[in-house]
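Now for the letters of each chain:
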Amino acid sequence: SGMLVPLSSPTGQSIDTVVLGNVTFPQGTPTDIMVWTAMPNGIADTSNLNDTISGSFLPSLSGTFTINSAVPTGGTNYQTFADFTNDLLAYGVCGPVVANVATGSGPYVETVKFGLINGVSATNTIRVNGNGRTVQFDNTSSDRQLLTLDGAQYIIIDSLNFKTLDATYGWGALITGGSAYDSI
């Protein structure tokens with residue numbers, strides 16, 4: 001948002017923690033952050049090519065989202081379960097998360113994989129309300145499970161159907177890697 005926050009240390013020592021105060025980062029919108037030094041060690045910096053770091057960040061997830069195959073991923077909607085779980089793994093959660101699968105959407109032709117997600121707890125759960133929708137996949141001998149919980153915790157999956165399209169291979173779920181406190 002173009003906000004410049006000057007930092008200084010009254011003791012002359014380096015600062016390794018930056019407190020911005022109350023800043024709201026918009027959900028689903030990347031925020032660019034750039035940090036640089038000025039007057040390191042109390043003298044002018046004659047080579048300022050190596051004193052800046054920047055990145056684009058998204059906030060952790062919290063609140064209610066939809067999974068709707070008819071709408072592109074963006075804002076509070078995810079087009080696929082993979083898009084949803086990828087964001088959970090990348091950004092974690094900072095409050096309870098509810099994903100409502102849109103009525104009439106799908107079937108979702110994919111497998112669903114939840115791993116260890118930062119920020120989950122007994123309070124900050126992840127709930128998927130499937131609304132009777134279907135995830136289906138043409139399983140193979142090396143990709144048998146439709147749902148994988150690998151180190152996942154506090155995941156609640158309600159009313160989501162899993163269907164294999166292969167006559168030989170297909171497991172409903174693989175729960176592994178220390179997954180705990182999950183409900184299917």
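Attention in this report is confined to the structure presented alongside it. Not measured: the values here are computed from a predicted model.

## Quick look at the overall build of the protein chain
Link 1 in the chain: Looking only at helices and strands, the protein chain has one helix and 13 strands in total.
Link 2 in the chain: Walking the protein chain from its N terminus toward its C terminus, one meets helices and strands in the order β-β-β-β-α-β-β-β-β-β-β-β-β-β.
Link 3 in the chain: Looking at the 184 residues of the protein chain, the share that counts as buried comes to 28%.
Link 4 in the chain: Sequence separation of 24 or more characterises 77% of the internal contacts of the protein chain that already satisfy a separation of 6 or more.
Link 5 in the chain: Approximately 11100 Å² of the protein chain is accessible, and the part contributed by carbon and sulfur atoms is 52%.

## Some details on the sheet that holds strand E13 (residues 171–176)
Link 1 in the chain: Overall, parallel pairing links the three strands, which are arranged E7-E10-E13 in an open sheet. Of all the strands in the sheet, just strand E7 (112–114) and E13 have a single pairing partner and so form its edges. Each strand of the sheet is rotated relative to its neighbour by a mean of 10°, with strand direction disregarded.
Link 2 in the chain: Inspection of the sheet shows E7 paired to strand E10 (residues 145–150) by three bridges, in the parallel sense. In the sheet register, lysine 113 faces E10, and the bridge partner there is threonine 148.

## Some thoughts on the sheet that holds strand E3 (residues 61–67)
Link 1 in the chain: Across the sheet, five strands lie side by side as E4-E3-E5-E8-E11; this open sheet has parallel pairing. Strand pairing shows two members of the sheet lacking a second neighbour, strand E4 (77–78) and strand E11 (155–158), which therefore form its edges.
Link 2 in the chain: Sheet strands in contact with helix H1 (residues 81–91) are E3, E4, strand E5 (93–101) and strand E8 (126–129), and its direction is about 170° off that of E3.

## A few points about the environment of leucine 160
Link 1 in the chain: Mapped onto the secondary structure, leucine 160 falls in the loop between E11 and strand E12 (161–164).
Link 2 in the chain: Residue classification places leucine 160 among the buried residues on the basis of a relative accessible area of 11%.
Link 3 in the chain: Separated by 31 residues in the primary sequence, leucine 160 and asparagine 129 have C-alpha atoms spaced 7.1 Å apart.
Link 4 in the chain: Once residues lying within four places of it in the same chain are set aside, the contact partners of leucine 160 are Phe81, Val128, Gly130, Arg133 and Val135.

## Details of the nonpolar core
One recurring pattern in soluble globular proteins: nonpolar side chains tend to sit buried together.
Link 1 in the chain: By size, the foremost hydrophobic cluster in this structure holds 26 residues, and its most contacted members are Phe81, Phe84, Phe114, Ile126 and Val128.
Link 2 in the chain: When contributions to this core are tallied by element, the ones reaching two or more residues are E3, H1, E5, E7, E8, E10 and E11.
Link 3 in the chain: If near-sequence neighbours (up to four positions away) are discounted, phenylalanine 81 is found in contact with Ile67, Val101, Tyr108, Glu110, Val112, Val128, Val135 and Leu160.

## Brief notes about H1
Link 1 in the chain: The complete set of buried residues in H1 reads Phe81, Phe84, Thr85 and Leu88. The arc that holds the buried residues of H1, viewed along the axis, is 90°, so those residues lie on one side.
Link 2 in the chain: Following H1 by one or two positions, glycine 92 adopts a phi angle in the positive range, close to 70°.

## As for the side chain of glutamine 136
Link 1 in the chain: With respect to the element layout, glutamine 136 can be found in strand E9 (residues 134–137).
Link 2 in the chain: Exposure remark for glutamine 136: the relative accessible area of 14% places this residue in the buried category.
Link 3 in the chain: Residue contacts for glutamine 136: discarding those within four places in its chain leaves Pro107, Tyr108, Val109, Glu110, Leu146, Lys163 and Leu165.

## With respect to unusual backbone geometry
Residues other than glycine predominantly adopt negative phi, and peptide bonds predominantly adopt the trans conformation.
Link 1 in the chain: Across the junction of glycine 106 and proline 107, the peptide omega takes the value 5°, indicating a cis bond.
Link 2 in the chain: With respect to the secondary-structure elements, proline 107 resides in the loop between E5 and strand E6 (108–109).
Link 3 in the chain: Non-glycine residue tyrosine 181 carries a positive phi angle of around 60°.
Link 4 in the chain: Among the secondary structure elements, tyrosine 181 is positioned in the segment after E13.
Link 5 in the chain: Accessibility expressed as a relative area gives 59% for tyrosine 181, which makes it exposed.

Criteria and thresholds
Residues numbered from 1 in each chain as written. Predicted model: local features only at pLDDT ≥ 70, side-chain atom pairs only at ≥ 80, totals over all residues. Heavy atoms only, no water. Helix = DSSP H or I, 4+ residues; strand = E, 2+ residues; numbered from the N terminus. Buried < 20%, exposed > 50% of the residue type's maximum accessible area, 1.4 Å probe, protein only. Contact = heavy atoms within 4.5 Å. Areas by Shrake-Rupley, 256 points an atom, 1.4 Å probe, with all protein chains shown as cover. Pairing = 2+ DSSP bridges. Axes fitted to C-alpha atoms, helices over the stretch in contact; angles between N-to-C directions. Core = buried A, V, L, I, M, F, W, Y, C linked by side-chain atoms within 4.5 Å. Arc of directions from axis to C-beta.

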